[in-house]
Structures are given as structure tokens and as C-alpha cells.
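# Breakdown of the fold
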Amino acid sequence: MEQIERYDDEVIVPAGAHAANAARSQVSYQRFTAWCAAVVGGGALLLAAFVAIIDPYHLYGFVDSTSLNHVKPLPEQYREQIKLAQATAVRPDLILLGNSRVEVGLDPDSPQLSGHGRTAYNMALAGTTLAVNERMYAKLRTDAAPAALAVIGVEFLDFLVKPDSAPVPAPTNGPLPWQWRFDTLFSIKSVSDALRTVRLQKAADPETMTQRGQTPLRDYNRYARAEGYYSIFQQKAGENAKNIVRKPHNLFVAGTDGSPSIDRLRALLDTMARDRTEVHLVIYPYHAQMMAMFDEAGLQPTMDEWKRVLVREADAVRGRYPGARVSVWDFSGYATMRCERIPAPGDTRTTTQWYWEAGHFKSALGERILQRILGDDTPFGVRLAADNLDANRRRIAAERAQCAGAYPQVFGGAHDLIASARASSP
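The shown structure was predicted, so the numbers you read here are calculated from the model rather than taken from an experiment. (Residues numbered from 1 in each chain as written. Predicted model: local features only at pLDDT ≥ 70, side-chain atom pairs only at ≥ 80, totals over all residues. Heavy atoms only, no water.)

## Topic: the packing of aromatic side chains
Evaluated as defined, the whole model comprises twelve aromatic pairs. Ring geometry for Phe-182 against Phe-186: centres 5.8 Å apart, planes inclined by 75 degrees, an arrangement best described as edge-to-face. Joined through ring pairs, the aromatic side chains of Phe-156, Phe-159, Tyr-284, Tyr-286, Phe-294 and Trp-306 make up one cluster. Its end group placed over the ring of Tyr-223, Arg-222 keeps NZ or CZ at 5.7 Å from the ring centre. Over the ring of Trp-356 we find Lys-362; its NZ or CZ atom is 4.5 Å from the centre of that ring. (Phe/Tyr/Trp six-rings, centres within 6.5 Å; stacked < 30°, edge-to-face > 60°. Lys NZ or Arg CZ within 6 Å of the ring centre and 35° of its normal.)

## A few points about the sheet that holds strand 3 (residues 149-154)
Read from one edge of the open sheet, six strands run 2-1-3-4-5-8, paired in mixed fashion. The open sheet has two edge strands, strand 2 (120-122) and strand 8 (382-384), and neither has a second partner. Averaged over neighbouring strand pairs, the angle between their axes works out to 25 degrees when direction is ignored. In the sheet, strand 3 pairs with strand 4 (residues 278-283) via six bridges, with the strands oriented parallel. Bridge pairing in strand 4 links Ile-152 to Leu-281. (Pairing = 2+ DSSP bridges. Helix = DSSP H or I, 4+ residues; strand = E, 2+ residues; numbered from the N terminus. Axes fitted to C-alpha atoms, helices over the stretch in contact; angles between N-to-C directions.)

## Concerning empty space enclosed by the protein
Rolled over the atoms, a probe sized like a water molecule indicates the empty space that remains. Counted according to the given criterion, the structure contains one cavity of 30 Å³ or more. Considered as a void within the structure, the largest cavity measures approximately 60 Å³ in volume. Lining the largest cavity we find Gly-98, Asn-99, Thr-128, Thr-129, Leu-130, Asn-133, Gly-153, Val-154, Glu-155, Asp-158, Phe-159 and Ser-261. Looking at the lining of the largest cavity, the elements with two or more residues in it are helix 6 (130-143) and strand 3. (1 Å grid on protein atoms, 1.4 Å probe; cavity = no way out; pocket = protein on both sides within 12 Å on 5 of 7 lines; lining within 4 Å. Points joined across faces, edges and corners; volume = space filled by probe spheres on them.)

Any functional reading would require information beyond the geometric quantities listed.
Pasting the structure below:
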């Protein structure tokens, strides 16, 4: 160490050398920082470009290749924002609203819709209520012309309230526009979904969402092949039974003729009446298993009353807005397709034609709904009015008796499911 220090002391340093060395060090540091920034920035741009080209959320449309990115994954975040952006780009003249039953069962790419000259988009969202539908429709109206036609699925269970229910605060508006746009272009999740998109192209029956917003549950085909439809029906039936026994049996908040859901429906109908949008309210074609569970839980009289309320609200909006076109369609019941047999336990070969499980119908049944709404002559579905509610109730009772005679197992199973749910309910 002493030798090294002596050598350093003997070095002759010209005047200004320290300043020059310091300047060169500063320049080198700046170049190093610039190179680092360029590498990081370039990498970020490449990742963003990769996401934009693969386009896992149907937002950009630069490339559509069956070997690269045609099939898209089901988004796990920002689904409302993504659907709104897609709908704005499509500018549909027919919109489909509702919860997962519409999102799964009604195909906006249906040939009969295009055959009637309709451009459709499925704005329905799983696990949501009319409050979200109303909010999405209001946002869509700010960027696109109002739709000429709207098909709105109304969920019976969403209208059940406790008489002493407090007002429900309006749902929040969600993330800022720049925030979800940034995250869907440049984030770990967006890059992961872009890579998942590439892998999906060779996958059989992937979980996906179409360019026009439908979630067709193709992945259920895999579950059915592995475990059979009976397992799918039973799993969902158990969840439905627990949900049903927790529900109150009332439609109105005490002292009023409304509820948060009725208020939302009324507001949505008023907005669409002002927009001159033709509205079709759809009561879902629940499978007989689901209907039988409603019955076992003592909800059938409330369901009958709920249909009367829907008709009342349709009549009321026509009174407020002469010329408003609002129809209420009842596709519920127990006949034919809705009494479809559930494959036996362990049967992994038999497929159902109409239902994935009791709460979600397939597009094949959705086609019958659209066919009826579009005016084709089919016996499926009843257009409700104040003067045919009693006849419709008798229709359903007759269908129930017929289905119970032909398929008593589904009613026995519903009885057991509700009893089990009640026993396990806190």
C-alpha cells in the first residue's frame, strides 16, 4: 500500500486536468443515463406496440389473423370500459342489455339480426344490475347515436328487496379514461393477456369474448367433456339455491310503489322513450330446475306480481311519452325447451341443446328469443299486457303440471336443493 501511494504522489498532473477529467466523467454519466433511458423507453414502446398489434381487448384492430390474434380472451378487468369502447366503435342500432344471461345467451352476430339489417352489440355484463346498464347506456349516448332497438334482460331476483331497504347509492363511475386506456395498453396484465391471446389461437373451447361483446361460454364444453353436464347443473344449482333462500319476498320499499331496481328500470325506459328507441323487456327463460326452485322457495306469487309491475311500468312510460314503444316478453315457463332433461350423473357424452345450466341458456335458445322479438311467427314467448296476465299464469301452471309429469326428477331435485340451502343458511 505504501508503494502505491508513493507512485501516486510522483505522478505529474498538469493544470486543469482535474477539471477535464470531471467534465469527461459528467459527459460519460449523461451518455450512460441517456442510453439507459433509450433502452427502457424503447422496450416500453415495443411492449405497447406488441399489445396494440395483438389487441387482446378488441380495441385497435390493426391485425386480425386466425393464427395470431383472432380469438380474444375474456377480459378480467375494465370490462365495462372495454365494452363501451367497442360499442362506440361498432355504433350499433341494436343493443343488448342485462346480466350474464344476456351476455352468454344472445348472439349479436346472429344471422337473423343481420338478415333484418341490424348491427348489434351485446353490452350485458355478468354480475351487474340495471344500475350498471343505465350508466353504460348513458355513456354510450354521449359518443354514439341512440340505438333504434334495445333488448333488455330483466332479472327477477334483482327486484327483490326488504321493505325497510335504505336507498342504494349510485354506482361509482370507475377509473378515469386515461387510466384504463393506459392499463389496457401498457401493464403487466395487458402484456400477459396479449401473450394469452397468441396461445388461445390453438386452444380448444377457450374462455373468450367476441368482438361484439358476447361471452359464449365455450369453455363449458371442456368441463362437460371432462365431468358431464350433470356436474355443471348441480354445481350451479347449489349456488342458485343458496342465493334464492337468502332473498326477501318483497318487491317494494315500505310506503312506496318502487324499489331501487324499479326506479332504475323507470329511468332507463324514460331515457329510451326520449331517444325513440324501441324497447323489448325480456323475462328470462329459466330452466325448469330454476323455476322449480323459485316455487319451492315460495317466490312464485312474487314473480307473478313482478310481471304485473313490469307491465305497469311499460304502460306508464307509454303514458308519459306517447309514441313510446315498449314491450314485455315472458319467456319463462316449463314447456318444451325449458323442461330439457339434464344428462345423468357420469354421462360425459350427452350434450344439452338449450342450456349450459339452469340459469344460463345457450345461443340456440337465444336465437328463439331474438326470432320472436323480431316478429317471426313462433309459439315461444308471450307478449305480456294487463289483460293477459291471468292467462299467462294459467299457461305456466299447465306447463308445470306437464313438465312435472314427464320429468318429476327435476322437481324432486329442486326440493332437495332448497331444503339443503335452508339447512345451511345462517
